[in-house]
Amino acid sequence: MKVQKILIVGSGAREHAICRKINESSLPKEIFCIASNMNPGIAELCSEIVVKNINDPGLIVEYAKQKDISLVIVGPENPLYAGVSDALWDAKIKVVGPKKNLAQIETSKAFTRELLAEYKIPGGPKYQTFNSMNGVSDFLNELGDAYVVKYDGLAGGKGVKVAGDHLHSHHEAVLYCQEILDKNGEFVIEEQFFGEEFSLMSFCDGRSLKHMPAIQDHKRAYENDTGPNTGGMGTYSDASHSLPFLIPKDIEEACSINKQTASALQNKFGEGYKGILYGGFMATENGVKLIEYNARFGDPEAMNALSILETDLIEVFNAITDGTLEKIDVRFQNKATVCKYGVPEGYPNAPVKGKKIDVSAVKESDRLFYASVDLVNNELIQAGSRAVAFVGIADSITEAEAIAEREISSVRGPLFHRADIGTDAVIQKRVKHMQRLR
Ligand code: AMP
Ligand code: GLY
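Residues numbered from 1 in each chain as written. Chains lettered and ligands numbered in written order. Predicted model: local features only at pLDDT ≥ 70, side-chain atom pairs only at ≥ 80, totals over all residues. Heavy atoms only, no water.

Digging into the overall build of the protein chain
The cut-off we apply is this: Note on conventions: DSSP H or I runs of at least 4 residues are helices, E runs of at least 2 residues are strands, and numbering of each starts at the N terminus. Note on method: radius of gyration uses C-alpha positions; expected globular size equals 2.2 Å times residues raised to 0.38. Exposed residues in this analysis have more than 50% of their type's maximum accessible area, buried residues have under 20%, and partly exposed residues fall in between, with area computed by a 1.4 Å probe over protein chains only. Any pair of residues with heavy atoms lying within 4.5 Å of one another is described as a contacting pair. The Shrake-Rupley method, run with a 1.4 Å probe, gives the accessible areas here. Residue values count only the displayed protein chains as cover. None of His or the chain ends enter the tally, which takes Lys and Arg as positive and Asp and Glu as negative. By convention, the point assigned to a charge is CZ for Arg, NZ for Lys, CD for Glu and CG for Asp.
Looking only at helices and strands, the protein chain features 14 helices and 24 strands. For 438 residues, the compact-globule estimate of 2.2 N^0.38 gives 22 Å, and the C-alpha radius of gyration of the protein chain, at 21 Å, lies within 12% of that figure. Counting over 438 residues, the protein chain shows a buried share of 58%. The long-range share in the protein chain, meaning contacts at least 24 apart out of those at least 6 apart in sequence, stands at 69%. Carbon together with sulfur atoms contributes 46% to the accessible area of the protein chain, which is approximately 17,700 Å² in total. One way to put it: in the protein chain the 49 positive side-chain charges average out to a point 2 Å from where the 59 negative ones average out.

Encoded structure:
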């Protein structure tokens, strides 16, 4: 069998998880990576890792041709926005990760809201899109105290401001809208939902979808969901592939919204979405609502899902690019997972950089994932964003949490993590919250 040469674009813990799973495949392969930092975990698994501009389509195509790559996996969203997938398909190289038009599902909030409305897909809020202040006050008055203002573009999770949380009056909302306009931006104002958030990611080959277990992320930096928003401090999933605060209908609705969205995209653009469709949902008293889409694996969600994926990941990726996903059975172990990130002191607003960390006390090193760290003179140096993540796997969330907590606490250096993620106390709080709402 011919050796498949596979290129990974990106170098966080998500891409480390993808590399590991590809490396575990029984199919003959050779792995390459175009990275933004010298991730030591990825470096160990690759024939070559090069630090280059991951958002430059021409550069990536040239590298892929030079190395005779036949499959590219795009990890983060920015290269999708830059048209990396389009350029690779044009050069007849297969890609997991949608083309630029289809990636608008993540890159434009207005596009997503309009797609849902146009195709009558349930789960959308009342919303309006704006490129001036005309009508802003009227729409805020219509929504009352429950509104969200979203900058219409990629902002690394910092473009969304929620009433009661970041915005405390219509006056503050108007100031934020004006701030966006002053930077030549556009924005969406939408109805605020109340409930519990969860992620449901689906592998998608354009027509067929295979769903992953539901996962809950924790966006706030500090315990009890306080502090600034981050890329995600940690995540958990349950052995049932649902979550303790969800009912079966919630999972069915989320899967159905992902499926309807994939067919709407196929219909709109005349070609299918090939990649990971990540629905960010909220379970509410009125069923499941769609908060946002991402056009890639979640980070940390990828570590939870891929750690329990039983099916060969290369087989899944080939089925995505070839449009044969329907023919394969995508299975996950019935295990619970808890992932916790260790992040630099001061993260996310003023992270310490350039400081050494030591992971030598971590017992199960194959469940430790490297993110924003560089290997310098054989020492691990923090590069400023989320540093390392550990995934505990067990029969229950409680046991998986204990493992993840023990292991991430054993990492030495100026970092911190959230000890509350995955604990019984936090999970019971979520369950009670949903019981009250229902
Ligand atoms: P997004 O980048 O669209 O996921 O928004 C970031 C965060 O803002 C989400 O994870 C939610 O916590 C919150 N959010 C966004 N839209 C809404 C909404 N319509 N109702 C309530 N919360 C929202
Ligand atoms: N965990 C949130 C994200 O990947 O966007």
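We are not done yet, so read on.
Overview of the sheet that holds strand 22 (residues 379-382)
So the rule is basically this: Strands pair, by our definition, only if DSSP identifies at least two bridges between them.
The strand order across the open sheet formed by three strands is 19-22-21, and the pairing between neighbours is antiparallel. The strands lining the two open edges of the sheet, one partner per strand, are strand 19 (356-357) and strand 21 (373-376). As judged from the four bridges shared by strand 21 and strand 22, these two strands associate in the antiparallel manner. When the sheet's bridge partners are listed, Val373 is paired in strand 22 with Gln382.

Section: unusual backbone geometry
Omega for the peptide link from Asp299 to Pro300 comes to 25 degrees, which places this bond in the cis form. Take Pro300: it is sitting in the loop between strand 17 (287-294) and helix 11 (301-307). Not every positive phi belongs to a glycine, and Lys92 is a case in point at roughly 65 degrees.

As for the nonpolar core
The test is simple: Residues belong to a common nonpolar core when they are buried Ala, Val, Leu, Ile, Met, Phe, Trp, Tyr or Cys residues joined through side-chain atoms within 4.5 Å.
Ranked by size, the top nonpolar core spans 73 residues in total, and within it Leu7, Val72, Leu88, Phe198, Phe281 and Ile357 carry the most contacts. It is helix 10 (residues 248-269) that provides the largest number of residues to this core, a total of seven residues. Not counting chain neighbours up to four residues away, the residues in contact with Leu7 comprise Phe32, Cys33, Ile34, Ile60, Tyr63, Ala64, Ile69, Leu71, Val72 and Ile73.

Quick look at the sheet that holds strand 16 (residues 274-284)
Put simply, the test is: Each axis is a line fitted through C-alpha atoms, taken for helices only over the stretch in contact, and angles between the N-to-C directions span 0 to 180 degrees.
Taken together, four strands build an open sheet; the order of strands is 11-10-16-17 and the sheet is antiparallel. If you trace the sheet from one side to the other, it starts and ends with strand 11 (209-211) and strand 17, each paired once. On average, each strand axis in the sheet is inclined to that of its neighbour by 35 degrees, with strand direction left out of account. Of the pairings in the sheet, the one linking strand 10 (residues 196-205) to strand 11 comprises three bridges and is antiparallel in character. Bridge pairing in strand 11 places Phe203 opposite Lys210. Running at roughly 70 degrees to strand 10, helix 12 (residues 313-322) makes contact with strand 10 and strand 16 of the sheet.

Focus: empty space enclosed by the protein
To be explicit about the condition: Of the two site types, the cavity is a set of points on a 1 Å grid over the protein atoms alone where a 1.4 Å probe fits but cannot get out, and the pocket is an open set with protein on both sides within 12 Å along at least five of seven lines, each lined by residues with an atom within 4 Å of a point. Grid points are joined across faces, edges and corners, and a volume is the space filled by probe spheres set on the points.
Within the structure shown, the criterion is met by two cavities of 30 Å³ or more. Along its surface, the largest cavity is lined by Ile105, Glu106, Ser108, Lys109, Thr112, Arg113, Lys150, Glu190, Ile291, Glu292 and Tyr293. Those elements that provide at least two residues to the lining of the largest cavity are helix 6 (100-107), helix 7 (109-118) and strand 17. Here the second largest cavity defines a volume of roughly 50 Å³. Taken together, Arg14, Ile18, Ile73, Val74, Gly75, Val96, Gly97, Gly275, Ile276, Ala295, Arg296 and Phe297 form the lining of the second largest cavity.

What about the side chain of Asn294?
With respect to the helices and strands, the residue Asn294 is situated in strand 17. The class of Asn294 is buried, set by a relative accessible area of 4%. When neighbours within four sequence positions are excluded, Asn294 is seen to be in contact with Glu106, Tyr273, Ile276, Leu277 and Tyr278.

Observations concerning the site of ligand 1
In plain terms, the rule: Nearness is judged by heavy atoms alone; a residue qualifies as near a molecule or strand once a single heavy atom is within 4 Å of it. N or O atoms closer than or at 3.5 Å make up a polar contact, with two conditions inside protein: a donor-capable atom paired with an acceptor-capable one, and, for residues adjacent in sequence, both atoms drawn from side chains. Polar here means any residue outside two lists: the nonpolar Ala, Val, Leu, Ile, Met, Phe, Trp, Tyr, Cys and Pro, and the charged Asp, Glu, Lys and Arg; Gly therefore counts as polar.
Glu190, Glu191, Phe193, Glu197 and Glu292 are the nearest of the 14 residues found near ligand 1. With respect to ligand 1, the side chain of Lys150 contributes an N or O atom lying 3.0 Å from a nitrogen atom. Here Glu190 contributes a side-chain N or O atom positioned 2.9 Å from a nitrogen atom of ligand 1. Relative to its free-state accessible area of 470 Å², ligand 1 is covered by the protein chains to the extent of 90%. Among the elements of the structure, strand 7 (147-151), strand 8 (160-162), strand 9 (187-191) and strand 17 are those that each provide at least two residues to the shell around ligand 1. In the shell around ligand 1, the residues fall into six nonpolar, one polar and seven charged.

A look at helix 1 (residues 13-24)
We count it as follows: Between the first and last residue of a helix there are one fewer steps than residues, each counted as 1.5 Å, and that sum is the expected span.
Under the 1.5 Å per step criterion, the end-to-end length of helix 1 is 16 Å for twelve residues, consistent within 8% with the ideal 16 Å. Within helix 1, ten of the twelve residues are buried, leaving the element largely enclosed by the surrounding structure. Taken together, the buried positions of helix 1 are occupied by Ala13, Arg14, Glu15, His16, Ala17, Ile18, Cys19, Arg20, Lys21 and Ile22.

Considerations on the environment of Gly185
Tracing the backbone through its elements, the reader meets Gly185 in the loop between helix 9 (170-182) and strand 9. Here Gly185 falls in the buried class, since its relative accessible area comes to 10%. It is 36 Å that separates the C-alpha atoms of Gly185 and Lys210, two residues lying 25 residues apart in sequence. Contacts of Gly185, omitting those with residues within four sequence positions, involve Tyr151 and Ile180.

Overview of the pattern of salt bridges
Put simply, the rule reads: Salt bridge criterion: a side-chain nitrogen from Lys or Arg within 4 Å of a carboxyl oxygen from Asp or Glu.
Taken as a whole and judged by the stated rule, the model has 29 salt bridges. Note that Arg296 is salt-bridged to Glu106, the shortest N-O span being 3.2 Å. Of this pair, Arg296 sits in the loop between strand 17 and helix 11 while Glu106 sits in helix 6, and the two are 190 residues apart along the sequence. The exposure class assigned to Glu106 is buried, which follows from its relative accessible area of 8%. The salt bridge partner of Lys183 is Glu179, with a shortest N-O separation of 3.6 Å. On the accessibility criterion, Lys183 (63% relative accessible area) is exposed. Assessed through its relative accessible area of 38%, Glu179 is described here as partly exposed. Here the residues in one salt-bridge network are Glu196, Asp225, Arg418, Asp420 and Arg430, joined through shared partners.

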